[in-house]
Amino acid sequence: MSFFRSSGSDDSVRRALGVERRRFLSTCTAVGAAAIAAPVFGASPALAHGRGRDDDHDHGHGRKELVPSHKRGLILYTVRDAIGRDPGASDLPSGFREVFRTLSRYGYRQVEFAGYGQHANAPGGANLDTVAGARLLRCWLDDYGLRAQGSHGFIPASWPLSTPDLDRFKHALEVANILGMDHMGTGGDPTWGSTKAEWDAAADKWNAMGAIARRAGIKLYTHNHDTAYDFLLDGGPADAQGRPTRSSGIRKLEYFLKRTDPKNVWLEMDVFWAHVARYKFHTYTAHDGTPVRSVFDPARLVSRNSKRYPLFHAKDGVVNTNSGLGYDMVPFGTGDIDYRTFFTRVGNRNYYNPMVEQDNAPSGTSPGQSLDYARTGYTNLAALRRR
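Bear in mind the structure is a predicted one, so any value in this text is a computation, not a measurement.

A. Structural view of the packing of helix α5 (residues 95–106) against helix α13 (residues 369–383). Where α5 meets α13, the closest approach of the two axes is 9 Å, and the angle between their N-to-C directions is 30 degrees. One element, α5, and the other, α13, form an angle in the roughly parallel class. Judged by the sense of rotation from one axis to the other, the crossing of α5 with α13 is right-handed. Two secondary-structure elements touch here, α5 through Thr102, Leu103 and Tyr106 and α13 through Leu371, Ala374, Arg375 and Tyr378. Tallied by class, residues from the contact of α5 with α13 come to 5 nonpolar, 1 polar and 1 charged.

B. Spatial organisation of helix α6 (residues 131–143). Over its 13 residues, α6 extends 18 Å from the first C-alpha to the last, a length consistent with the 18 Å expected when each residue adds 1.5 Å. Where α6 is concerned, the buried positions are Gly133, Ala134, Leu136, Leu137, Arg138, Cys139, Trp140, Leu141 and Asp142. Following α6 by one or two positions, Gly145 adopts a phi angle in the positive range, close to 65 degrees.

C. Representation of the sheet that holds strand β14 (residues 353–356). Within the open sheet, the 8 strands sit side by side as β3-β2-β1-β14-β11-β8-β5-β4. Their pairing is parallel. Two strands bound the open sheet, and with one partner strand each, they are β3 (147–151) and β4 (183–186). Each neighbouring strand pair of the sheet contributes to a mean axis angle of 30 degrees, computed without reference to strand direction. Pairing between strand β5 (residues 219–224) and strand β8 (residues 265–270): 5 bridges, direction parallel. From the neighbouring strand, Leu220 faces β8, where its bridge partner is Val265. Packing against the sheet, helix α8 (residues 196–215) makes contact with β4, β5 and β8, and its axis sits at approximately 135 degrees to β5.

D. Expanded view of empty space enclosed by the protein. All told, the structure shown has 2 cavities of 30 Å³ or more when counted by the stated rule. Reported here for the largest cavity is a volume of approximately 50 Å³. Along the walls of the largest cavity sit Leu66, Val67, Pro68, Phe343, Val346, Gly347, Arg349, Tyr352 and Pro354, which together make up its complete lining. Considering only residue class, the lining of the largest cavity consists of 7 nonpolar, 1 polar and 1 charged.

E. Layout of the pairing of strand β12 (residues 316–320). Relative to strand β13 (residues 326–330), β12 runs antiparallel, the two sharing 5 bridges. Paired with Val318 across the two strands is Asp328, which belongs to β13. Joining the antiparallel neighbours β12 and β13 is a turn of 5 residues, in which Gly324 adopts a positive phi near 90 degrees.

F. Local environment of the nonpolar core. Counting 96 residues, the largest nonpolar core has Leu76, Phe113, Met269 and Tyr309 as its most contacted members. The greatest single-element share of this core, amounting to 7 residues, is contributed by α8.

G. A look at helix α9 (residues 252–259). Within the span of α9, buried status applies to Lys252, Leu253, Tyr255, Phe256 and Leu257. Here the buried face of α9 lies against α8, β5, β8 and α11 (298–304).

H. How the structure looks around the packing of aromatic side chains. Applying the stated criterion to the full structure yields 19 aromatic pairs. Centroid distance Tyr339 to Phe343: 5.7 Å. Interplanar angle 35 degrees. Geometry classified as tilted. In this pair, Tyr339 and Phe343 are both assigned in helix α12 (residues 339–346), 4 residues apart and thus about one turn of the helix distant. The same class applies to Tyr339 and to Phe343, which are both buried. Note on Phe342 and Phe343: the rings are 5.6 Å apart at their centroids and 75 degrees apart in plane angle, and the pair reads as edge-to-face.

I. Quick peek at unusual backbone geometry. For the peptide bond that leads from Trp159 to Pro160, omega is 0 degrees, which places it in the cis range. With respect to the helices and strands, Pro160 occurs in the loop between β3 and α7 (163–178). Non-glycine residue Asn348 carries a positive phi angle of around 50 degrees. Looking at the secondary structure, you find Asn348 in the loop between α12 and β14.

J. The packing of α6 against α7, seen in detail. Viewed as axis vectors pointing N to C, α6 and α7 meet at an angle of 25 degrees, and their least axial separation amounts to 9 Å. When the interaxial angle is binned, α6 and α7 end up roughly parallel. Where α6 crosses over α7, the two elements pack in a sense that is right-handed. For the pair formed by α6 and α7, the contact residues are Val131, Ala134, Arg135 and Arg138 on the first element and His171, Glu174, Val175 and Ile178 on the second. Residues that form the contact of α6 with α7 fall into these classes: 4 nonpolar, 1 polar and 3 charged.

Criteria and cut-off values
Residues numbered from 1 in each chain as written. Predicted model: local features only at pLDDT ≥ 70, side-chain atom pairs only at ≥ 80, totals over all residues. Heavy atoms only, no water. Axes fitted to C-alpha atoms, helices over the stretch in contact; angles between N-to-C directions. Helix = DSSP H or I, 4+ residues; strand = E, 2+ residues; numbered from the N terminus. Parallel < 35°, antiparallel > 145°, perpendicular 65-115°, else oblique. Left-handed = near helix turned anticlockwise from the far one by under 90°. Contact = heavy atoms within 4.5 Å. Nonpolar A, V, L, I, M, F, W, Y, C, P; charged D, E, K, R; others polar. Expected span 1.5 Å × (residues − 1). Buried < 20%, exposed > 50% of the residue type's maximum accessible area, 1.4 Å probe, protein only. Pairing = 2+ DSSP bridges. 1 Å grid on protein atoms, 1.4 Å probe; cavity = no way out; pocket = protein on both sides within 12 Å on 5 of 7 lines; lining within 4 Å. Points joined across faces, edges and corners; volume = space filled by probe spheres on them. Core = buried A, V, L, I, M, F, W, Y, C linked by side-chain atoms within 4.5 Å. Phe/Tyr/Trp six-rings, centres within 6.5 Å; stacked < 30°, edge-to-face > 60°.

By themselves, these observations are geometric and do not establish any function.
Right under this line is the structure:
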C-alpha cells in the first residue's frame, strides 16, 4: 500500500494513520528483538517523571521561557563523531541508541537527523536508512522520549526528476514518516546560482518536490547558508555570457519565498549563517550602477514570513572581523549572537523548533567534546528568558 494520501486535502486522514503508526512502532516488539543485541534501558527522564511535550504550556514557570522545553532540539550532525564511534573501543556513548539516551538525559526532547549511518558495531548495524532501520530508530526515540522533527536527507539532483531520483526521494519520505517527522529537508541552498533564471528554476523544482512531500504528509524545507541571503542579480549590463551583473536589491532567498508555494515549501534558518550574511552582504550595485546600502535583518525576515520557518539552527559565534565570515563558531550560548532578542522578536515560541548545532563540536583530541558542547547548548537554550 502506498504511503501517499489519496486526497491532498484531507490531512485528518493522514494524521489518523500517523497515530496508528506511532502506536504500532512504540511497541518495539519484533523489529527490536531481531535487531538489538542488548536491551534498551528505561524511559526518558521526562516520561519517567510524568512530564509530556506540552509540560510548560499551562504552568507559570514556563511562560517566560523563550524556548519551551518540548521545543528544545539538537541536530545530530553536532555529535556525529559519537554516532560513528566504535562501541567496543570506548566507554563513551556511541551509536544512535546511546546518543539518544544521553541527549534525553541532558533534557533534549527533539532531534534532527543528518543521515542514518553509524558505526557498524553499534546496535542495528551501519546503515539504518531502510524501513526496518527506521522502525528501530523510532523505537529508540520513543523509549527515550525524543521526537524526530526533521532530517537533512536526500534531495534529487536531477530536474526534471529522473525515475531513480524520484524513487529514492519517495523512500526518504517513507523513512521520515516512520520516524514520525513533520518535516524533511536538506543541508544546502536550493541553488548556488545568483541570477533570477537560476532561482526561477530552483523554485519550480522545489514546488514540484514539495507537492510530492505534501501528499506524503511531510513539509519539505531547505536549510540555507550565507550566500542564499546575498543579492539577486536581475538587471544591469550583461556579462560575456549574457548574465545580469546588478541587482534590484531583493535577496535571493526572499525571491525564492515569493516564487514558492507556502503550502509546499518551508525553510530552516541557520541563525549563525544568517548573521554571517548580515556581516558580508550589506551593499548592492543597483541597475544604474549606484551602490546602495541594505543591511540584512534575520529576525525581520522570519517575522514577515513566520509560518514559512518551522525550524531554526541555533548556532552561536564570537565576533571576529578578521575571519572573513565575521564570526568564529562556538558552543551555543557562549557567543555574541543575541538569541534572547532574536527569539523575542520572532515570537510564536510554540511554533518554531530550534535545533542546537555546532559544526566544529567534534574533536580529534577530546572524544567527549561534542556531547559536552551539546549539554552546554541545552543548558543555555533552556536558560533563555523574556525580558
